[in-house]
Amino acid sequence: MQLFPCPFCGPREESEFHYGGEAGNLRPDGSEVTAERWAGYLHMRDNPKGPTREIWVHLTCGEFFAMSRDSVNHKVSGSSVLGEAEQGA
């Protein structure tokens, strides 16, 4: 079993986490969004091969955070609180 680093609780088993999506996929403003833009937000993903930054939730503490990992070998390089992740990006 792989250990994921929760920035709030420390390393925990991967079964305690749920994938929340790719980081940076910001929801468009719903008041004047086109159908194409909304469809892109809902369905289009980069799906990179290699280093990626994703949003995860630790189901035990209920906190969302950003995790950097490699999508090829699944090696996790770190995690951060969402506010800290945006400042470092």
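- As annotated in an unreviewed UniProt entry, the chain is Sarcosine oxidase, delta subunit family from Mesorhizobium plurifarium.

### A few points about the packing of aromatic side chains
Here is step 1 of the chain: Using the criterion set out here, one finds five aromatic pairs in the structure.
Here is step 2 of the chain: When the ring of Phe-17 is compared with that of Phe-65, the centres are 5.9 Å apart and the planes differ by 80°; the resulting orientation is edge-to-face. One end of the pair, Phe-17, is in strand 3 (residues 17-22); the other, Phe-65, is in strand 5 (residues 63-70), and 48 residues separate them in sequence. Accessibility assignment for this pair places Phe-17 and Phe-65 in one class, buried.
Here is step 3 of the chain: With a centroid separation of 5.3 Å and 35° between ring planes, the pair formed by Trp-38 and Tyr-41 is classed as tilted. In this pair, Trp-38 and Tyr-41 both sit in helix 1 (residues 35-43), three residues apart, roughly one turn of the helix.
Here is step 4 of the chain: Exposure remark for Trp-38: the relative accessible area of 28% places this residue in the partly exposed category.
Here is step 5 of the chain: Residue Tyr-41 is classed as buried on the basis of its relative accessible area, which comes to 18%.
Here is step 6 of the chain: Taken together, the ring pairs in this structure connect Phe-4, Phe-17, Tyr-19, Trp-56 and Phe-65 into an aromatic cluster.

### With respect to the nonpolar core
Here is step 1 of the chain: In terms of nonpolar packing, the biggest core is built from six residues, these being Phe-4, Cys-6, Phe-17, Trp-56, Phe-65 and Met-67.
Here is step 2 of the chain: Filtering out sequence-adjacent residues up to four positions away, Trp-56 remains in contact with Phe-4, Phe-17, His-18, Tyr-19, Gly-20, Glu-63, Phe-64, Phe-65, Met-67 and Arg-69.

### What to know about the layout of surface pockets
Here is step 1 of the chain: Of the volumes computed, that of the largest pocket is approximately 200 Å³.
Here is step 2 of the chain: For the largest pocket, the lining is made up of 11 residues, of which Glu-22, Ala-23, Gly-24, Asn-25 and Ile-55 are closest to its centre.
Here is step 3 of the chain: Of all the elements, strand 3 adds the most residues to the lining of the largest pocket, at three residues.
Here is step 4 of the chain: Its residues placed into classes, the lining of the largest pocket shows four nonpolar, four polar and three charged.

What counts, and where the lines are drawn
- Here the residue index of a chain counts from 1 through its sequence in written order.
- Reporting of local features is limited, given that this is a predicted model, to residues whose pLDDT is at least 70; pairs of side-chain atoms are given and counted only at 80 or more, and all residues count toward the totals for whole chains, interfaces and linings.
- Only heavy atoms go into the side-chain values, all of them from the structure, while hydrogens and water stay out.
- Only rings of Phe, Tyr and Trp enter the pairing, Trp through its six-membered ring, and a pair is recorded when the two centres are within 6.5 Å. The plane angle decides the type: under 30 degrees is stacked, over 60 is edge-to-face, the rest tilted.
- Under the scheme used here, helices are H or I runs from DSSP no shorter than 4 residues and strands are E runs no shorter than 2 residues, and both carry numbers assigned from the N terminus.
- Relative accessible area decides the class of each residue, using a 1.4 Å probe on protein chains only: under 20% of the type maximum gives buried, over 50% gives exposed, and in between gives partly exposed.
- As used in this record, nonpolar core signifies buried Ala, Val, Leu, Ile, Met, Phe, Trp, Tyr and Cys residues forming a set joined through side-chain atoms within 4.5 Å.
- What makes two residues a contact is simply this: any of their non-hydrogen atoms within 4.5 Å.
- For each structure, a 1 Å grid was placed over the protein atoms alone; sets of points admitting a 1.4 Å probe that cannot get out are labelled cavities, open sets with protein on both sides within 12 Å along at least five of seven lines are labelled pockets, and lining residues have an atom within 4 Å of a point.
- Grid points are joined across faces, edges and corners, and a volume is the space filled by probe spheres set on the points.
- Polar here means any residue outside two lists: the nonpolar Ala, Val, Leu, Ile, Met, Phe, Trp, Tyr, Cys and Pro, and the charged Asp, Glu, Lys and Arg; Gly therefore counts as polar.

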